[in-house]
Amino acid sequence: MGYSPEPLIAPRFYRGTDDAVASPNERSILRLIWRNPGISRTELTGLSDLAQQTIHRLLDQLAERGIVHLGSPKPGLGKGQPSPILKLEGSYAYTCGMSVNTDVIDVCLMDFAGQVLCATDVQIRERTVDQALELVCGWVHKQQKVLELTDEAFFGVGLGIAGFHVSGTSFNASLPLHAWSLIELGPLLTRHFEKPVWALNGGKTGTIGESMFGVGRYIKDFAYLSFNYGFGGGLINNGELLHGGNGNAGEFSQLYEDEEITRRPALQFIMERLNRNGIDVPSITYLRKYFDPRWPGVHEWLDEITPAYNRLVNAIWAVYDPQAIVFGGQIPPDLAHLMIERTRLFGKPRYGVGRASPKLLVSESPTDAAAMGAAVTPFKLTFF
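Residues numbered from 1 in each chain as written. Predicted model: local features only at pLDDT ≥ 70, side-chain atom pairs only at ≥ 80, totals over all residues. Heavy atoms only, no water.

Caption draft 1: Highlighting the pattern of salt bridges. Scanning all chains against the criterion turns up 12 salt bridges. Across the salt bridge formed by Lys-195 and Asp-151, the nearest N and O atoms sit 3.3 Å from each other. Remark: Asp-151 occurs in the loop between helix H4 (129–146) and strand E6 (154–161) and Lys-195 occurs in the loop between helix H5 (185–193) and strand E9 (197–201); sequence separation between them is 44 residues. On the basis of relative accessibility, which here comes to 11%, the residue Lys-195 falls in the buried class. One salt bridge in this structure joins Glu-260 and Arg-311, with 2.7 Å as the shortest N-O distance. Linking Glu-260 in the loop between strand E12 (240–241) and helix H7 (267–276) with Arg-311 in helix H9 (residues 298–320), this pair joins segments that are 51 residues apart in sequence. (Salt bridge = Lys/Arg side-chain N within 4 Å of Asp/Glu carboxyl O. Helix = DSSP H or I, 4+ residues; strand = E, 2+ residues; numbered from the N terminus. Buried < 20%, exposed > 50% of the residue type's maximum accessible area, 1.4 Å probe, protein only.)

Here you go:
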């Protein structure tokens, strides 16, 4: 039987009446509170399809469990009984998020309200998987003491890894991550952390991060392009992640034939181009931090990848018809803007009317979105 994190969730997080941490109605309420900071109970009623009595009952139950805080009344809402402001209780739980990239693991601890409590990165070159995980665990234990975080409130671990899903919690990652490939990562991380682990590929955790912290706050249907050492992504439909039949929806590199695989917009290839032009770019992290559009080789690379890239954007538009296509992952924002400027959407208007096209947006997630996306994944897949 395959690995599943749900049976490993600590009993204190479950509802008293069943084996779920939140019912569908509770999840809909928690999503609205997440997306609307400072919302009042009265305003929440106006945004929800649930009856007022149901909302009041569920909020009281969530407050009793320490998940939601009913704050002071919100002024200026007219006559009647003052309506309390609703907040997620950050102290209810926290997670550890790990984004495994080709050179480092980005790590953070996040509370239930989405606040990053602390963050770091762990170099993985010349280290075994176990050695890297031991360093991450050591850092987590240290931060638990510094921040006075109880192990009881530690909900679980979210893992994003740069590779496509094979089965269970096994992924096929790029060559620099060969030691992390084709092994069951869920049980392995559970042995180290003694907590449930939610493992997805990095494109999907980045997509979840964007849905929770970025454009997903106001756009419910979008495609997320994850530019990393490789290239992938994810799809959000009505606010929810699309997994696909085999867990690889949004694996956009699959569009390219063998002879054009080097013309897909993976950052490994612009690094190689820059290095050939005398610009020493030792890692993706360095590229994102120091990128300069004037570097020799940048526009050369853009010229090479634009035809294949344009076909990808139009394929997403034709098949999925999203409201937006988001440029995320580890791509430098200035490079993302250069790609957007070169985008050409195919098709001609008929009778003077064309199809509505997606907005092309640079990710609005914070700079440490990879680890944040991994950290919020356990909450997103259970509470929100």
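Having seen it, we continue.
Caption draft 2: View of the environment of Lys-359. By secondary structure assignment, the location of Lys-359 is in strand E14 (residues 359–362). Accessibility expressed as a relative area gives 54% for Lys-359, which makes it exposed. As a C-alpha pair, Lys-359 and Leu-177 span 182 residues in sequence and 34 Å in three-dimensional space. Beyond its immediate sequence surroundings of up to four residues, Lys-359 is in contact with Gln-323, Ala-324 and Ile-325. (Contact = heavy atoms within 4.5 Å.)

Caption draft 3: Structural detail: the sheet that holds strand E4 (residues 104–111). Reading across from one edge, E5-E4-E3-E6-E9 is the order of the five strands in this open sheet, with mixed pairing throughout. Each end of this open sheet is capped by a strand with a single partner; those strands are strand E5 (116–123) and E9. Strand after strand, the sheet turns through a mean of 15 degrees between neighbouring axes, direction not considered. Two elements, E6 and E9, share five bridges in a ladder whose sense is parallel. In the strand pairing of E9, Val-157 is matched with Val-197. In this fold H4 packs onto strand E3 (94–100), E4, E5 and E6, with an angle of close to 30 degrees to the strand it touches most, E4. Running at roughly 140 degrees to E6, H5 makes contact with E3, E6 and E9 of the sheet. (Pairing = 2+ DSSP bridges. Axes fitted to C-alpha atoms, helices over the stretch in contact; angles between N-to-C directions.)

Structural measurements only, silent on function.
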